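# Report on the structure
Now for the letters of each chain:
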Amino acid sequence: PERYFAAQSEFEELMNDLMVDETDSQNKNFQKLMQKLEKMEQELSGIKNRTDDSEGTAVKMRNTALEHLFSAQRLVQANRLNEALVETYKAVAIDNKLAFAFAIQGSIYFLKRDTNSALDSWKRSLEIDPSNMEVLTIYNRVKQKTGRTY
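Let me begin by describing the structure that accompanies this report. Quantities reported herein were computed from a predicted structural model and do not represent experimental measurements. (Residues numbered from 1 in each chain as written. Predicted model: local features only at pLDDT ≥ 70, side-chain atom pairs only at ≥ 80, totals over all residues. Heavy atoms only, no water.)

A few words on helix H3 (residues 81–94). The end-to-end C-alpha separation of H3 is 20 Å, in line with the 20 Å expected for 14 residues at 1.5 Å each. Every buried residue of H3 is listed here: Leu81, Ala84, Leu85, Glu87, Thr88, Ala91 and Val92. Down the axis, H3 shows its buried residues gathered within 155° of arc, on one side only. (Helix = DSSP H or I, 4+ residues; strand = E, 2+ residues; numbered from the N terminus. Expected span 1.5 Å × (residues − 1). Buried < 20%, exposed > 50% of the residue type's maximum accessible area, 1.4 Å probe, protein only. Arc of directions from axis to C-beta.)

Written as structure tokens, this is what we have:
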């Protein structure tokens, strides 16, 4: 029990540090990710009606994966994090090369205070798209605060 309470206290302290020291930066990076998702949603709605059978199932599958991410975004805004997380897994099941799905997934885990899973998801996102500076910034800051070595 003492070890549990010590670990819980350490976790809460870490989260408070992250929230106090990094709130503006973390929020800005998370908001940038959400803004990208909103832009993607607008683009998808513009091309959705133009998608026909000649474009093949790959485009339709990608659109379905993106729809799951849009659903996840709406669920996060409603603070329904568990359901949002399920939507990210549905997107990844359809297209496991969609770096943005892992980025959103990591942010949801972070909001749920599961930093290990958040870091794992962000790492996967960066493996797919190492140029995503928002994810890289969040990943490095949380990794530094938690003392994770990968």
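Take the pattern of salt bridges next. If you walk through the whole model with that rule in mind, you get 5 salt bridges. With a closest N to O distance of 2.7 Å, Arg62 and Asp95 form a salt bridge. Of this pair, Arg62 sits in helix H2 (residues 56–77) while Asp95 is found in the loop between H3 and helix H4 (99–111), placing the two residues 33 residues apart along the sequence. For Arg62, a relative accessible area of 36% puts it in the partly exposed group. A relative accessible area of 14% means that Asp95 is categorised as buried. Where Lys90 meets Glu87, a salt bridge forms, and the shortest distance between an N and an O atom there is 3.4 Å. Separated by 3 residues within a single helix, Lys90 and Glu87 lie in helix H3, roughly one turn from each other. When its relative accessible area of 38% is taken as the criterion, Lys90 is described as partly exposed. Looking at Glu87, the relative accessible area reads 11%, which means it is buried. (Salt bridge = Lys/Arg side-chain N within 4 Å of Asp/Glu carboxyl O.)

Another point: the packing of helix H5 (residues 115–128) against helix H6 (residues 133–146). Viewed as axis vectors pointing N to C, H5 and H6 meet at an angle of 145°, and their least axial separation amounts to 10 Å. Between H5 and H6 lies a crossing of left-handed hand. Counting all contacts with H5, which are made through Thr115, Leu119, Trp122, Lys123, Ser125 and Leu126, the residues of H6 involved are Val135, Leu136, Ile138, Tyr139, Val142, Lys143 and Thr146. In terms of residue class, the contact of H5 with H6 is made up of 8 nonpolar, 3 polar and 2 charged. (Axes fitted to C-alpha atoms, helices over the stretch in contact; angles between N-to-C directions. Left-handed = near helix turned anticlockwise from the far one by under 90°. Contact = heavy atoms within 4.5 Å. Nonpolar A, V, L, I, M, F, W, Y, C, P; charged D, E, K, R; others polar.)

Let us look at unusual backbone geometry. Despite not being glycine, Asn79 shows a phi value in the positive range, around 60°. For Asn79, the location among the structural elements is in the loop between H2 and H3. Relative accessible area serves as the criterion here: at 60%, Asn79 is assigned to the exposed category. At Arg113, a position not held by glycine, the phi torsion is positive, near 70°. Mapping Arg113 onto the fold places it in the loop between H4 and H5.

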